[in-house]
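Read off the chains here:
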Amino acid sequence: MLMLIIAGSTCQLLLAQGKKENIIIDVPLIVNSRISFGVEKLQKTLVLHGYNVSIKQRPALSNKNRTIIIGDVVKDLDERLKNYAPGITQSERNKIFGKESFSIHSSTGGNIDVGGVDATGILYGCLELADRVMMLGKLPQKIDVADAPEMVLRGQCIGIQKSTYLPGRNVYEYPYTPETFPWFYDKKLWLQVLDSMVDNRMNSLYLWNGHPFASLVKLKDYPYAVEVDDATFKKNEEIYKFLTTEADKRGIWVIQMFYNIIVSKPFAEHHNIKTQERERHITPLIADYTRKSIAAFVEKYPNVGLMVCLGEAMEGVGKDDIEWFTKTIIPGVQDGLKALGKTEEPPIVLRAHDTDAPSVMEAALPLYKNLYTEAKFNGEALTYARPRGEWAKLHQTLSKLGSVQIENVHILANLEPFRYGSPDFIQQSVIGMHEVMGGNGLHLYPQASYWDWPYSADSVAGGKRLLQIERDWIWYKAWSRYAWKAKRNRDDEIKYWSKQLADKFGCSIADGRKILTAYEESGEIAPKLLRRFGITDGNRQTLTLGMLMTQLINPYRYGLFTLLYDAEAPEGEMLLDYADKEWKGVKHVGETPVHVNEDVKQHALKALEAIKTLSVKKNKDEFERIRNDVRSYYAMAFHFAYKTEAALLVLRYKYSNELKDLEDAEQLLDLSVTVFMDLTKITTASYLYANSMQTSQRKIPMRGVDGTYKHWNEMLPVFEKELSTFRHKIDSLKNNAGKVVADVKPFTNAEVQLHAANVYTAAIEKNGNIFADTNLVITSFAKELQGLKAVKVRYNQQLTNGTYIGFASKKPVKILVGFFKPQKAAFTKDTIYLKEPQLETNASADDYGQAEIKISNAIAIEGMPPVSLHTYNFKAGWNVLKLERGVCLILGFVDGNTIVPVYDAGLMSDSKNKNLDWLFE
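Predicted model, so just to flag it, every value in this text is computed and none were measured.

Visitor: Explain the overall build of the protein here, please?
Guide: The secondary structure content of the protein amounts to 27 helices and 26 strands. The contacts of the protein with a sequence gap of at least 6 include a subset with a gap of at least 24, amounting to 74%. When the accessible area of the protein is evaluated, it comes to approximately 36,600 Å², of which 51% is carbon and sulfur surface.

Shown next, in the form of structure tokens:
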């Protein structure tokens, strides 16, 4: 007979020689739910392998001893540790037996002890033993394992959000209802998710939502704030209790995320305010409502953590975020604890997005100790394993605060929708999290289709939807494996993953190795393409849909997010820089566009070669989808290579003025369109969409209004037209050489009535004064601005209060706003100039069509940086232009139908800044 004893923190298995039929699992009378879950899993595994298993309870060891790693008497502690991990030093032992650690040890007498430092450690010990039984087909005769995770938090994220806005609502505003999220109430699905997480040893589940409180708690002082009816509220209570209880059994901490400052729609309507308004400062009403919402949530769900995003819905950097965190959020948590009569602080995770997180933490730590920080690893993409520059410094600073810094693998806009499963790239990324960023936690987003959870984008016969957690099993398994332990031997990892894939698809280990090669080679393509050619690391760009020629040759027009190149890529060159250096004979540095083009073509060839002739015996449909994705990556790689090579020739034309450069570029652009046709054919039947967020925030390559431009078959006509236009422009250059270009006509002032005291206008002219309280004068400007009536704002008032201009008009109008472009390092705190609209940090940055630069270098003012012109669109009637703190220019009002050209005004003389967008438009 075999006997398994789980006592406090010790589980003993008594092995009888030559027999495996009968096993008694002996557990203490009082056990934690996590221990019970682990025992149950172990019992089921033993039964599955032919054992007869019964559970015997006996009195538990003392609580005092249970907290001391093994659960035996204190005097035996050191000796017990030696048994669990023989041959290691005391310091190594202390490191191993940290939080969630476990040990499995077989003695000479046939005993196997499974111990853990805490309940989760015992759970993991039981699961590890069960895994060994599954692998061997029987209980091991000898075993000696001591293990613990390297990362304190290992979690995955699920968005309680949608791919489009709900009617009458803004971004992030999604109440918890069965109509909007039917899957949220599916207990079977939640158990599947939680089981997959515990199998991967994940210990945290992040639920993302803008304002969840109005779906989960009711406030005595604000009864009208609830967003759901009574029946739905009860359903929410039930499913939330079920989820948190089941998660706790598996050692998983549920963390509810929310944005600031957002209020519920009924609350906003009751008080005649907006649900969210970035430029709005803190008000006593909103602060009181939010504090009481948090207090009620903590009182009701004391075991659920909170994750706070101070940015996006409120002005992210300044005094407000510190005040909001220290005077509203933390006091709200403390109020909830007081109501419970508890003093133990639940963890709060501060998201370092669009906020000065180090300053916030400095102010908060004296008030609240159990704080974590979280920041994006590669923005909203996956590009580089070892970020650098100011972005890396931010993470390093956060990691040294004394709290745990969590690394967030976010959105993955450059990977969706194709499958991604490169264990090598993922392993190197986790090593980079430790060695470069100082991170000790993982916050993992779905590999694709975040906004469409729980489904993937695959189009399957019969309309069936694939589940993300099933399709992307290798994504979750790889990140979890390396979050547990990052530095594993490369040869051993190749063997491990080859066997995993062989088992998954019913093929030989050698063929499993080929599938791994396909995953790892294709896994290099999207990261390299985005980090060398992209506009942004954010989800406003869908890389797999390609890019316009104007986006490649004039990226600044589209709000280039320079952090992508400065920090989330190895040192190297953009297309603009490469072309400039090539013409001037300057030595190239680091990773260049030419190198990347050669790399991605080779990766694509190797990936396709590895998998194109393979056949498998299991999961054949899924294997064919993987092969289809490899073909898609192949076409994408060659499309980008041809197109960016064409872009380099167009950029060369800036300097050479030789038509042959454009003619050679036309041939390459033609090839890129041909390959994109192949990509369109591959994806037409296999994918429903390329991007899961189908709102106007999607900008690159095309603006995704009302779910448009989400598929390759919508982009193909755009690229075909782009090629046709280019050919036509080349012909025009040949036939119209030497002809005079028509004069530029100045804009016409629109009729508006300003509603503000002490607001004056002045015509834009050379040597004209542009601010009401400075002597700064205009030295030059784009011809379109001649005579336009600019609003003479006050420089100092913009610095302290921002910009507020009320006006009325009988027709729709555009306001021309000039943003200064200072030369500064990424993440350098700028306390003077208003930051350009940036969707990476502000979800409302294009609500008025203001995100795109219209005229670069539009106006020059002595002693000030260059100015980029953006336009804000307003309907007829009474309106307000409200901007955050920072200096900018209000250059005037024009009719709403005015076509504002997109170009560089050419105030700088360098050929590098010459505009060639007209060749494609």
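Visitor: What is the right way to read helix 10 (residues 284-300) from this model?
Guide: Counting along an α-helix, one turn takes 3.6 residues, and residues three or four places apart therefore face a common direction. With 17 residues, helix 10 extends 24 Å from end C-alpha to end C-alpha; this agrees with the ideal 24 Å at 1.5 Å per step. Buried within helix 10 are the following residues: Ile286, Ala287, Tyr289, Thr290, Ser293, Ile294, Ala295, Ala296, Phe297 and Val298. Against helix 7 (213-216), helix 8 (230-249), strand 10 (253-260), helix 9 (265-270), strand 11 (305-312) and helix 11 (319-340) lie the buried residues of helix 10.

Visitor: Would you explain the pattern of salt bridges in this entry?
Guide: Note on pairing: side chains with opposite charge can pair once their charged atoms come close. Applying the stated criterion across every chain, the model contains 60 salt bridges. Between glutamate 128 and arginine 132 there is a salt bridge, with the nearest N and O atoms lying 2.8 Å from each other. Placement of the pair is glutamate 128 and arginine 132 together in helix 5 (residues 119-136), with a separation of four residues, close to one helical turn. Classification of arginine 132 by relative accessible area gives partly exposed; the value is 24%. Taken together, the shared-partner salt bridges in this structure form one network comprising Arg419, Asp458, Arg471, Asp472, Glu622, Arg625 and Asp629.

Visitor: Explain the packing of aromatic side chains to me, please; I cannot follow it from the model alone.
Guide: Geometry of an aromatic ring pair is reported as the spacing of the ring centres plus the angle between the planes. Enumeration according to the criterion identifies 45 aromatic pairs in this entry. Geometrically, the ring pair formed by phenylalanine 184 and tryptophan 190 is edge-to-face, given 6.1 Å between the ring centres and 80 degrees between the ring planes. Across this residue pair, the class does not change: phenylalanine 184 and tryptophan 190 are buried. Among the aromatic residues, those joined into a ring-pair cluster are Tyr174, Tyr176, Phe181, Trp183, Phe184, Tyr185 and Trp190. Above the ring of phenylalanine 242, the side-chain terminus of lysine 187 is found at 5.1 Å from the ring centroid. Sitting over the ring of tyrosine 496, arginine 481 keeps its end group 3.6 Å from the ring centre.

Visitor: Please clarify how the environment of tyrosine 124 should be interpreted in this entry.
Guide: Structurally, the position occupied by tyrosine 124 is in helix 5. With 22 residues separating them in the primary sequence, tyrosine 124 and phenylalanine 102 have C-alpha atoms 6.8 Å apart. Excluding anything up to four places from it in sequence, tyrosine 124 contacts Glu100, Phe102, Arg154, Arg201, Met202, Asn203 and Trp484.

Visitor: When you look at the sheet that holds strand 15 (residues 441-444) in this model, what are you seeing that I'm missing?
Guide: Two pairing modes exist for strands in a sheet, parallel and antiparallel, and in both the strands are linked by backbone hydrogen bonds. In spatial order, the strands read 8-9-10-11-12-13-14-15; together these eight strands close into a barrel with parallel pairing. Neighbour-to-neighbour, the strand axes of this sheet turn through a mean angle of 25 degrees, independent of strand direction. Relative to strand 13 (residues 371-376), strand 12 (residues 348-351) is paired through four bridges, and the arrangement is parallel. Bridge pairing in strand 13 links leucine 350 to threonine 373.

Visitor: Could you clarify how one ought to interpret the packing of helix 25 (residues 659-684) against helix 26 (residues 712-735) in this entry?
Guide: Think of two packed helices as two axes; the pair is described by the angle between the axes and how far apart they sit. Between helix 25 and helix 26, the shortest axis-to-axis distance is 9 Å and the interhelical angle comes to 165 degrees. In terms of orientation, helix 25 and helix 26 fall into the roughly antiparallel class. The hand of the helix 25/helix 26 crossing is left-handed. Here the contact of helix 25 with helix 26 is built from residues that sort into 16 nonpolar, four polar and seven charged.

Visitor: What should I look at first to understand the nonpolar core in this one?
Guide: It is characteristic of soluble globular proteins that their nonpolar side chains tend to be buried jointly. Among the nonpolar cores identified, the biggest contains 206 residues, and Phe184, Trp190, Phe325, Trp475, Trp479, Met636 and Val650 are the most heavily contacted of them. For this core, the leading source of residues is helix 24 (residues 620-656), giving 16 residues. The residues contacting tryptophan 475, other than those within four sequence positions of it, are Leu382, Val409, Leu412, Leu415, Tyr420, Ile426, Leu444, Tyr445, Pro446 and Gln447. In terms of nonpolar packing, the next biggest core, distinct from the first, is built from 44 residues, Leu788, Val791, Ile859 and Met864 among them.

Visitor: Hey, could you run me through the pairing of strand 23 (residues 867-874) in this one?
Guide: Walk down a regular strand and you will see the side chains alternate between the two sheet faces. A large share of strand 23 lies buried, amounting to seven of its eight residues. Here eight bridges tie strand 21 (residues 813-820) to strand 23, and the two strands are oriented antiparallel to one another. From the neighbouring strand, phenylalanine 819 faces strand 23, where its bridge partner is serine 868.

Visitor: Looking at this structure, how should I read helix 11?
Guide: Here helix 11 spans 31 Å end to end across 22 residues, near enough to the 32 Å set by a 1.5 Å rise per residue. When the local axis directions of helix 11 are compared, the greatest deviation, roughly 30 degrees, occurs at phenylalanine 325. Directly after helix 11, the chain includes glycine 341, whose backbone phi takes a positive value near 75 degrees.

Visitor: Help me out: how do you make sense of the sheet that holds strand 16 (residues 753-754) in this one?
Guide: Taken in spatial order, the three strands of this open sheet run 16-20-24, and their pairing is antiparallel. Where the open sheet ends on each side, the last strands, each with one partner, are strand 16 and strand 24 (877-883).

Visitor: Just to check I follow, could you spell out the pairing of strand 25 (residues 889-895) for this structure?
Guide: In terms of burial, strand 25 is largely enclosed, as six of its seven residues are buried. As defined by bridge partners, strand 21 adjoins strand 25 across six bridges and the pair is classed as antiparallel. Bridge assignment links isoleucine 815 to a residue of strand 25, and that residue is phenylalanine 893.

Visitor: Any chance you could explain unusual backbone geometry here in plain terms?
Guide: Most of the time, phi is negative for any residue but glycine, and the peptide bond is trans. With an omega of -10 degrees, the peptide bond running from asparagine 260 to isoleucine 261 counts as cis. Take isoleucine 261: it is sitting in the loop between strand 10 and helix 9. In the segment running from glutamate 416 into proline 417, the intervening peptide bond is cis, with an omega of 5 degrees. Located in the positive-phi region is asparagine 657, a residue other than glycine, with phi close to 55 degrees. Looking at the element boundaries, asparagine 657 is found in the loop between helix 24 and helix 25. Located in the positive-phi region is asparagine 857, a residue other than glycine, with phi close to 50 degrees. Residue position: asparagine 857 is located in strand 22 (residues 855-861). With relative accessibility at 11%, the residue asparagine 857 sits in the buried group.

Visitor: Explanation requested: the packing of helix 23 (residues 593-611) against helix 24 in the structure shown.
Guide: Here helix 23 crosses helix 24 at 160 degrees, and the two axes come no closer than 9 Å. Taken together, the axes of helix 23 and helix 24 are roughly antiparallel relative to one another. The crossing of helix 23 and helix 24 is left-handed. Considered class by class, the residues forming the contact of helix 23 with helix 24 number 16 nonpolar, two polar and four charged.

Visitor: Looking at this structure, how should I read the confidence of the model for the protein?
Guide: It should be kept in mind that the predicted coordinates are not to be read in detail where pLDDT is low. Mean pLDDT over the protein stands at 88; residues scoring 70 or higher make up 89%. Note on residues 7-18: pLDDT under 50 across the span, and 62 contacts to partners over four residues away in sequence or across chains. Counted against residues more than four places away or in other chains, residues 59-81, with its pLDDT under 50, gives 41 contacts.

Visitor: What exactly am I supposed to notice about the environment of arginine 540 here?
Guide: With respect to the element layout, arginine 540 can be found in the loop between helix 19 (525-533) and helix 20 (549-553). Note: C-alpha distance between arginine 540 and lysine 699 (159 residues apart in sequence) is 5.1 Å. Setting aside residues up to four positions removed in sequence, arginine 540 forms contacts with Ile535, Tyr558, Gly559, Phe561, Gln697, Arg698, Lys699, Ile700, Leu839 and Glu840.

Visitor: Could you clarify how one ought to interpret the side chain of histidine 211 in this entry?
Guide: For histidine 211, the location among the structural elements is in the loop between strand 9 (204-208) and helix 7. What makes histidine 211 buried here is its relative accessible area of 6%. Of the polar contacts made by the side chain of histidine 211, one reaches the side chain of tyrosine 289; its length is 2.8 Å. Those residues in contact with histidine 211 that sit more than four places away from it in its chain are Tyr172, Glu227, Ile262, Val263, Ser264 and Tyr289.

Visitor: So what exactly am I meant to see when it comes to the side chain of glutamate 128 here?
Guide: Look at glutamate 128 and you get buried, because its relative accessible area is 17%. A polar atom in the side chain of glutamate 128 sits 2.8 Å from the side chain of arginine 132. What glutamate 128 contacts, discounting residues up to four positions off in sequence, is Phe102, Ile104 and Arg201.

Visitor: Can you walk me through the environment of glutamine 850 in this structure?
Guide: As for its position among the elements, glutamine 850 is in the loop between strand 21 and strand 22. Spatially, the C-alpha atom of glutamine 850 lies 5.1 Å from that of tyrosine 872, the residues being 22 residues apart in sequence. Those residues in contact with glutamine 850, other than ones at most four positions away along the chain, are Pro837, Ser844, Ala845, His870, Thr871 and Tyr872. Reaching out from glutamine 850, the side chain makes a polar contact with the backbone nitrogen of tyrosine 848 at a distance of 2.8 Å.

Conventions adopted
- Residues numbered from 1 in each chain as written.
- Predicted model: local features only at pLDDT ≥ 70, side-chain atom pairs only at ≥ 80, totals over all residues.
- Heavy atoms only, no water.
- Helix = DSSP H or I, 4+ residues; strand = E, 2+ residues; numbered from the N terminus.
- Contact = heavy atoms within 4.5 Å.
- Areas by Shrake-Rupley, 256 points an atom, 1.4 Å probe, with all protein chains shown as cover.
- Expected span 1.5 Å × (residues − 1).
- Buried < 20%, exposed > 50% of the residue type's maximum accessible area, 1.4 Å probe, protein only.
- Salt bridge = Lys/Arg side-chain N within 4 Å of Asp/Glu carboxyl O.
- Phe/Tyr/Trp six-rings, centres within 6.5 Å; stacked < 30°, edge-to-face > 60°.
- Lys NZ or Arg CZ within 6 Å of the ring centre and 35° of its normal.
- Pairing = 2+ DSSP bridges.
- Axes fitted to C-alpha atoms, helices over the stretch in contact; angles between N-to-C directions.
- Parallel < 35°, antiparallel > 145°, perpendicular 65-115°, else oblique.
- Left-handed = near helix turned anticlockwise from the far one by under 90°.
- Nonpolar A, V, L, I, M, F, W, Y, C, P; charged D, E, K, R; others polar.
- Core = buried A, V, L, I, M, F, W, Y, C linked by side-chain atoms within 4.5 Å.
- Bend = angle between axes of the 7 residues up to and from the residue.
- pLDDT = per-residue confidence, 0-100.
- Polar contact = N/O pair within 3.5 Å; in protein donor to acceptor, adjacent residues only side chain to side chain.

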